[in-house]
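Descriptive analysis of the structure
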Amino acid sequence: LDGHQVHYPTPTAELVKALEGRQEGGALRQLADARLALGDRKGALDAIQKWAEGEKSGAAWDEAAHWAASHQEMATAFAAAQKALPGLAEPERRALADERVAWADQYPDAADPIAMRQARAALFPKDGALLEDWVRALEKAGRLPEADKALDGSQALSPERRLLMRSDLAADHEDPHGAFL
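The structure contained in this document is the topic of the report that follows. (Residues numbered from 1 in each chain as written. Predicted model: local features only at pLDDT ≥ 70, side-chain atom pairs only at ≥ 80, totals over all residues. Heavy atoms only, no water.)

Within a pair of aromatic rings, the relevant descriptors are the distance that separates the centres and the angle that separates the planes. Summed over all chains, the structure comprises one aromatic pair. Pairing F78 with W103 gives two aromatic rings, centres 5.9 Å apart and planes at 85 degrees, and the pair type is edge-to-face. A residue pair is termed long-range when its members are at least 10 positions apart, and F78 in helix α5 (residues 74–84) and W103 in helix α6 (residues 90–106) qualify at 25 residues. When sorted by exposure, F78 lands in the same class as W103, which is buried. The ring of W51 carries the charged tip of R29 above its face, separated from the ring centre by 5.8 Å. Sitting over the ring of F124, R94 keeps its end group 5.8 Å from the ring centre. (Phe/Tyr/Trp six-rings, centres within 6.5 Å; stacked < 30°, edge-to-face > 60°. Helix = DSSP H or I, 4+ residues; strand = E, 2+ residues; numbered from the N terminus. Buried < 20%, exposed > 50% of the residue type's maximum accessible area, 1.4 Å probe, protein only. Lys NZ or Arg CZ within 6 Å of the ring centre and 35° of its normal.)

Here's what the structure looks like:
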């Protein structure tokens, strides 16, 4: 590396010094792991974000989000995931959207689980299961007017399914008049 013969495994401090002067994407990505191994979390987070910015791809931001989440740096994970979503193909976008919901469920102080469900439903407006998951989360939180509004604005469910779901919500909340009308 830079004219020096490096034998693996490289001592981390030596590796960090060698990588810090490099600007290639791969070097920045490795720098994040090396800095983390030395206990420099802030430096590691800076390196992974700088790497993802330089790569200019949804896949890089996706990797940065997963890397941050695996190290319980949830604020960075959510921010990187937000940047990744527009640049991902649909299957990867769906997987990351699902993971954001799971992360929010696990770390509700870092992100609102209901807001993550709403964002996921907005990304996939024709997916009825995602809409129902969001509506059920609103119901569980006692936010029935918002659940009703979400059902009204949905494209994901047929009118019949929306009516059944509204009836089910009313019955669950002891409103027999609203449930069977």
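Residues spaced three or four apart along an α-helix point in a common direction, a consequence of the helix completing one turn every 3.6 residues. Inspection of helix α9 (residues 144–152) places A147, A150 and L151 among the buried residues, and these make up the whole buried set. Seen end-on, α9 carries its buried residues on one side only, within an arc spanning 100 degrees. With respect to the buried face of α9, the exposed residues turned more than 90 degrees away are P145, K149 and D152. (Arc of directions from axis to C-beta.)

The next subject is the environment of R120. Along the polypeptide, R120 turns up in helix α7 (residues 113–123). When its relative accessible area of 7% is taken as the criterion, R120 is described as buried. Along the primary structure R120 and L131 are separated by 11 residues, whereas in three dimensions their C-alpha atoms are 8.6 Å apart. Excluding residues that lie within four positions of it along the chain, R120 makes contacts with A97, D98, V101, L130 and D133. (Contact = heavy atoms within 4.5 Å.)

Turning our eyes to something else, we now look at the pattern of salt bridges. Using the criterion set out here, one finds 16 salt bridges in the structure. Linking R117 and D133 is a salt bridge whose minimum nitrogen-to-oxygen distance equals 2.9 Å. Placement of R117 in helix α7 and of D133 in helix α8 (residues 128–140) is noted, with a sequence separation of 16 residues between them. By relative accessible area, which is 27% here, D133 ends up partly exposed. (Salt bridge = Lys/Arg side-chain N within 4 Å of Asp/Glu carboxyl O.)

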